[in-house]
Amino acid sequence: MNWLDTIVQGILLGGLYALFAAGLSLVFGIMRLVNLAHGDLIVFAAFLILSLVSLLGLHPFVAALVAAPLMFAAGWILQYHLLNRTLGKDILPPLLVTFGLSIVIQNGLLEGFTADSRRISVGALETASISLGPINAGVMPMLTFCSAVLVIVALNQLIYRTSVGRAFRATSDDLTTAGLMGIRPQRIFAMATGLAMVVVTIAALYLGTRANFDPTSGPARLIYAFEAVIIGGLGSLWGTLAGGIILGVAQTIGGAINPEWQILAGHLAFLLVLLFKPRGLLPRAVD
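Trainee: Just give me the short version of the overall build of the chain, but keep the residues and values in it.
Mentor: Scanning the chain for helices and strands turns up eleven helices and two strands. Moving toward the C terminus, one meets the helices and strands of the chain in the order α-α-α-α-β-β-α-α-α-α-α-α-α. Here the C-alpha atoms of the chain give a radius of gyration of 19 Å, agreeing with the 19 Å that 2.2 N^0.38 yields for 287 residues. Seen along its three principal axes, the alpha-carbon backbone of the chain occupies a region of about 60 × 50 × 35 Å.

Trainee: Tell me about a nonpolar patch on the surface, residues and numbers included.
Mentor: Together, W3, I257, W261, L264, L268 and L271 give the surface a local cluster of nonpolar side chains, amounting to about 640 Å² of exposed area. A total of three residues in the nonpolar patch trace back to one element, the largest contributor, which is helix α11 (residues 262-276).

Trainee: So what's going on with helix α3 (residues 60-81)? Residues and values would help.
Mentor: The terminal C-alpha atoms of α3 lie 31 Å apart, and with 22 residues this matches the ideal 32 Å at 1.5 Å per residue to within 8%. The largest bend along α3 reaches roughly 30 degrees and is located at A67, with the proline P69 sitting one to four residues downstream. Every buried residue of α3 is listed here: P60, A63, A64, A67, A68, M71, G75, L78 and Q79. The inward-facing, buried residues of α3 contact α1 (2-31), α2 (38-56), α4 (92-113) and α8 (185-210).

Trainee: Can you break down the packing of aromatic side chains residue by residue, with the values?
Mentor: Scanning the entire structure with this criterion turns up six aromatic pairs. Summarising the aromatic geometry, the rings of Y17 and Y224 are spaced 4.8 Å apart at their centres and angled 40 degrees between planes, so their arrangement reads as tilted. Here Y17, found in helix α1, pairs with Y224, found in helix α9 (residues 218-232); they are 207 residues apart in sequence, far enough to count as distant. Taken individually, Y17 and Y224 each receive the classification buried, so the pair is uniform in this respect. Taken together, the aromatic side chains of Y17, F20 and Y224 make up a single cluster linked through ring pairs.

Trainee: Could you give an account of the layout of surface pockets, with specific residues and numbers?
Mentor: Reported here for the largest pocket is a volume of approximately 340 Å³. Lining the largest pocket are 16 residues; nearest its centre among them are M31, R32, L33, L87 and G88. Across the lining of the largest pocket, the residue classes break down as ten nonpolar, three polar and three charged.

Trainee: Now, about the pairing of strand β2 (residues 135-138): what can you tell me, with residues and values included?
Mentor: Alignment of strand β1 (residues 129-132) against β2, held across four bridges, turns out to be antiparallel. Within β2, the residue paired with L132 across the bridge is I135. Between β1 and β2, which pair antiparallel in sequence order, lie two residues; one of them, G133, sits at a positive phi of approximately 70 degrees.

Trainee: If you had to explain the packing of α9 against helix α10 (residues 237-257) to someone new, which residues and values would you point to?
Mentor: For the pair α9 and α10, the least separation of the axes is 7 Å and the interaxial angle reads 120 degrees. Regarding the angle of α9 to α10, the classification is oblique. Crossing angle aside, the handedness with which α9 passes α10 is right-handed. Of α10, the residues touching α9 (which contributes Y224, E227, A228, V229, I231 and G232) are G239, T240, G243, G244, I246, L247 and Q251. Its residues assigned to classes, the contact of α9 with α10 comprises six nonpolar, six polar and one charged.

Trainee: Requested: an account of the environment of A46, with residues and values cited.
Mentor: Looking at where A46 falls in the secondary structure, it is placed in helix α2. With 161 residues separating them along the chain, A46 and L207 place their C-alpha atoms 7.3 Å apart. Setting aside anything within four residues of it in sequence, one finds A46 in contact with I120, A204 and F213.

Trainee: Which residues make up the packing of α1 against α9, and what are the values?
Mentor: The geometry of α1 relative to α9 is characterised by a closest axis approach of 8 Å and an angle of 75 degrees between their N-to-C directions. Put simply, α1 runs roughly perpendicular to α9. Side by side, α1 and α9 meet where Y17, F20, A21, L24 and S25 of the first sit next to R221, Y224, A225, F226, A228 and V229 of the second. Looking at the contact of α1 with α9 residue by residue, the class counts come to nine nonpolar, one polar and one charged.

Trainee: Please provide a residue-by-residue account of helix α6 (residues 163-173), values included.
Mentor: Here α6 has its buried residues at G165, A167, F168, T171 and S172. Mapping the buried residues of α6 onto a view down its axis gives an arc of 160 degrees, with all of them on the same face. In the core, the buried residues of α6 are packed alongside α1, α5 (139-161), α7 (175-180) and α8.

Conventions we followed
Residues numbered from 1 in each chain as written. Predicted model: local features only at pLDDT ≥ 70, side-chain atom pairs only at ≥ 80, totals over all residues. Heavy atoms only, no water. Helix = DSSP H or I, 4+ residues; strand = E, 2+ residues; numbered from the N terminus. Rg over C-alpha atoms; globule rule 2.2 N^0.38 Å. Patch = residues over 30% accessible without salt bridge, like charges linked within 9 Å, V, L, I, M, F, W, Y side chains within 5 Å. Areas by Shrake-Rupley, 256 points an atom, 1.4 Å probe, with all protein chains shown as cover. Salt bridge = Lys/Arg side-chain N within 4 Å of Asp/Glu carboxyl O. Expected span 1.5 Å × (residues − 1). Bend = angle between axes of the 7 residues up to and from the residue. Buried < 20%, exposed > 50% of the residue type's maximum accessible area, 1.4 Å probe, protein only. Contact = heavy atoms within 4.5 Å. Phe/Tyr/Trp six-rings, centres within 6.5 Å; stacked < 30°, edge-to-face > 60°. 1 Å grid on protein atoms, 1.4 Å probe; cavity = no way out; pocket = protein on both sides within 12 Å on 5 of 7 lines; lining within 4 Å. Points joined across faces, edges and corners; volume = space filled by probe spheres on them. Nonpolar A, V, L, I, M, F, W, Y, C, P; charged D, E, K, R; others polar. Pairing = 2+ DSSP bridges. Axes fitted to C-alpha atoms, helices over the stretch in contact; angles between N-to-C directions. Parallel < 35°, antiparallel > 145°, perpendicular 65-115°, else oblique. Left-handed = near helix turned anticlockwise from the far one by under 90°. Arc of directions from axis to C-beta.

Next comes the structure, spelled out in structure tokens:
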């Protein structure tokens, strides 16, 4: 039963990694933009939620609802006024700009919040658990996994059932033709990044309530997001969930064998998938 518990905990942990990766996958699938500041934006959103909790006395879930539209606006402005200028056939400008943005966010958070590690408290939910037959699962990990599934379902519904989603797919398939049909790619890209920032806010909520974070913890979140995206297949949202689960299960199994192997086991799983499936499990432009 210990191994069954380990696997279940790994699957639930995979939900958190899928949330880290979903926004990254969405942006890459639509505009082929690799955002090296993605992890730092997650940490920024976590500090924003923490500030709303501390200053206004809001419950963390309510604070996330307040932070989500603010992050959407920040993502829209960032894409429309900065990142759109870097898009083109050369992938280097977006990488350099988002790397610089990562440094700016980290140093800004260090100035504003110091290097102290923080955590967002959710009271009794932190220790609450649900009995699943012979094992117990924490309420927060269950909420995290369910949120990841709901986010991916919602994004798929948006992409395939709405006019905005058709514009996303059109710009992803052929930017020039989409422009000739009256679609303004700059605005569509800004909308996509805004939606990615809403997903980032959800990821930040569960990051902050389940683990400590500090201004420099963004790059580690970025690595997990990249690995989940690449394992699942670039641009595939359901693949991102599968990638997160594989990464989470590998880490929990590695940690059960030897605590020192937890992070290494996830990286080894990532390398094994790359070895046998270089394009990932479910590679698509936009899932």
